[in-house]
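The lines below spell out each chain.
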Amino acid sequence: MSKPIYVLNGPNLNRLGTREPQIYGSTTLAEIETMCRATAGGREIVFRQSNREYELIDWIHEAIDQGEAIVINPAAYSFTSIAILDALKMFPGPIVELHISNIHRREPHYHKSYVSLAATAVIAGLGPQGYVVAVKAAIDLASR
Ligand SMILES: O=C(O)[C@]1(O)C[C@H](CCCOc2ccccc2)[C@@H](O)[C@H](O)C1
């Protein structure tokens, strides 16, 4: 029995589809969750979002004990949170960092992600479909 893939989402992503569609598209986080579950090929997906740093850290700890891979869109915490980086460095399996937008083509404060220092792979700029690519990549990396 394989262990779940954790798909974790950081601050403000609960507002996807309501603002800035020119940057993030009009797909809601609930629709993205459905896309991820449809991609998982029967594997369990744990899909969560929080605006609280400590909650994301608690879920990373849960994944350390119970998960096979992590897909994470840390949102703005990518660029600020050493605490999330430290938690991810404890995770033994593959980590795919995911950003809907191409953060490297945006404002300079979005260019350096601490999370990338722990990520196996980084996907940025594919829009909401990037979550599907990230889940597929996580499953592949976990099977190697
Ligand atoms: O492109 C991404 O996925 C980001 O992680 C999204 C973050 C923003 C989270 C979503 O913020 C929203 C703002 C307005 C409407 C909907 C979402 C942003 O801070 C990162 O630089 C890139």
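Fair warning: this is a prediction, and the values are worked out from it, not measured in the lab.

Rules used in this analysis
Residues numbered from 1 in each chain as written. Predicted model: local features only at pLDDT ≥ 70, side-chain atom pairs only at ≥ 80, totals over all residues. Heavy atoms only, no water. Near = heavy atom within 4 Å. Polar contact = N/O pair within 3.5 Å; in protein donor to acceptor, adjacent residues only side chain to side chain. Areas by Shrake-Rupley, 256 points an atom, 1.4 Å probe, with all protein chains shown as cover. 1 Å grid on protein atoms, 1.4 Å probe; cavity = no way out; pocket = protein on both sides within 12 Å on 5 of 7 lines; lining within 4 Å. Sits in = over half its atoms within 2 Å of the grid points. Nonpolar A, V, L, I, M, F, W, Y, C, P; charged D, E, K, R; others polar. Axes fitted to C-alpha atoms, helices over the stretch in contact; angles between N-to-C directions. Helix = DSSP H or I, 4+ residues; strand = E, 2+ residues; numbered from the N terminus. Parallel < 35°, antiparallel > 145°, perpendicular 65-115°, else oblique. Left-handed = near helix turned anticlockwise from the far one by under 90°. Contact = heavy atoms within 4.5 Å. UniProt positions renumbered as here; feature names shortened; annotations may be inferred. Pairing = 2+ DSSP bridges. Expected span 1.5 Å × (residues − 1). Phe/Tyr/Trp six-rings, centres within 6.5 Å; stacked < 30°, edge-to-face > 60°. Buried < 20%, exposed > 50% of the residue type's maximum accessible area, 1.4 Å probe, protein only.

Please clarify how the site of the ligand should be interpreted in this entry.
The immediate surroundings of the ligand are formed by 18 residues, with N73, H99, I100, S101 and Y110 found nearest. At 2.8 Å from an oxygen atom of the ligand is found a side-chain nitrogen or oxygen belonging to N73. I100 has a polar backbone atom sitting 2.7 Å from an oxygen atom of the ligand. When the ligand sits alone it has 500 Å² of accessible area, and the protein chains cover 92% of it. Because more than half of its atoms lie within 2 Å of the grid, the ligand is assigned to the largest pocket. Among the residues forming the shell around the ligand, the class breakdown is 10 nonpolar, 4 polar and 4 charged.

Which parts of the structure should I look at to understand the packing of helix α2 (residues 29–39) against helix α5 (residues 129–143)?
Relative placement of two packed helices is described by the angle separating their axes and the distance separating the axes. Across the interface, α2 lies against α5 with an axial gap of 9 Å and an inter-helix angle of 30 degrees. On the basis of the axis angle, α2 is roughly parallel to α5. In this structure, the crossing between α2 and α5 has a hand that is right-handed. Taken together, the residues of α5 that come into contact with α2 (itself represented by L29, I32, M35, C36 and T39) are Q129, Y131, V132, V135 and K136.

So what exactly am I meant to see when it comes to the UniProt feature "active site" (unreviewed entry) in the protein here?
According to UniProt, the "active site" (unreviewed entry) feature falls on Y24 and H99. These residues run over 76 residues, yet every pair of their C-alpha atoms falls within 9.4 Å of each other. Within the annotated group just given, the residues that line the largest pocket are Y24 and H99. Here Y24 lies in helix α1 (residues 21–24). Once you skip the residues sitting within four places of it in the chain, Y24 turns out to touch L16, I100, S101, R106 and P128.

Could you clarify how one ought to interpret the sheet that holds strand β5 (residues 121–124) in this entry?
The strands that make up a sheet pair up through hydrogen bonds in the backbone, lying either parallel or antiparallel. What the 5 strands build is an open sheet, ordered β2-β1-β3-β4-β5; its pairing is parallel. The sheet terminates laterally at β2 (45–49) and β5, the two strands that pair on one side only. In this sheet, adjacent strand axes meet at a mean angle of 15 degrees when their direction is disregarded. Relative to strand β3 (residues 69–73), strand β1 (residues 5–9) runs parallel, the two being bridged by 5 bridges. Paired with Y6 across the two strands is I70, which belongs to β3. Packed on one face of the sheet, α2 meets β1 and β2 and runs near 165 degrees to β2. Relative to strand β4 (residues 95–99), α5 is tilted by about 170 degrees, and along the sheet it contacts β1, β2, β3, β4 and β5.

Sorry if this is basic, but what is going on with helix α3 (residues 53–66) here?
Residue pairs spaced three or four apart in an α-helix point in one direction, given the helix's 3.6 residues per turn. Taking 1.5 Å of rise per residue, the 14 residues of α3 would be expected to cover 20 Å, and the 20 Å separating its terminal C-alpha atoms lies within 8% of that figure. Residues of α3 that are buried make contact with β1, β2, β3 and α4 (82–89).

Help me understand the packing of aromatic side chains in this model?
Aromatic rings considered in pairs are described by the distance between their centres and by the relative angle of their planes. One pass over the full model with this rule turns up 1 aromatic pair. For the ring pair F79 and Y110, a centre distance of 5.4 Å and an interplane angle of 45 degrees mean the geometry is tilted. On the criterion of sequence distance, the pair formed by F79 in the loop between β3 and α4 and Y110 in the loop between β4 and β5 is long-range, its members being 31 residues apart. Among the residues examined, F79 registers a relative accessible area of 15% and is labelled buried.

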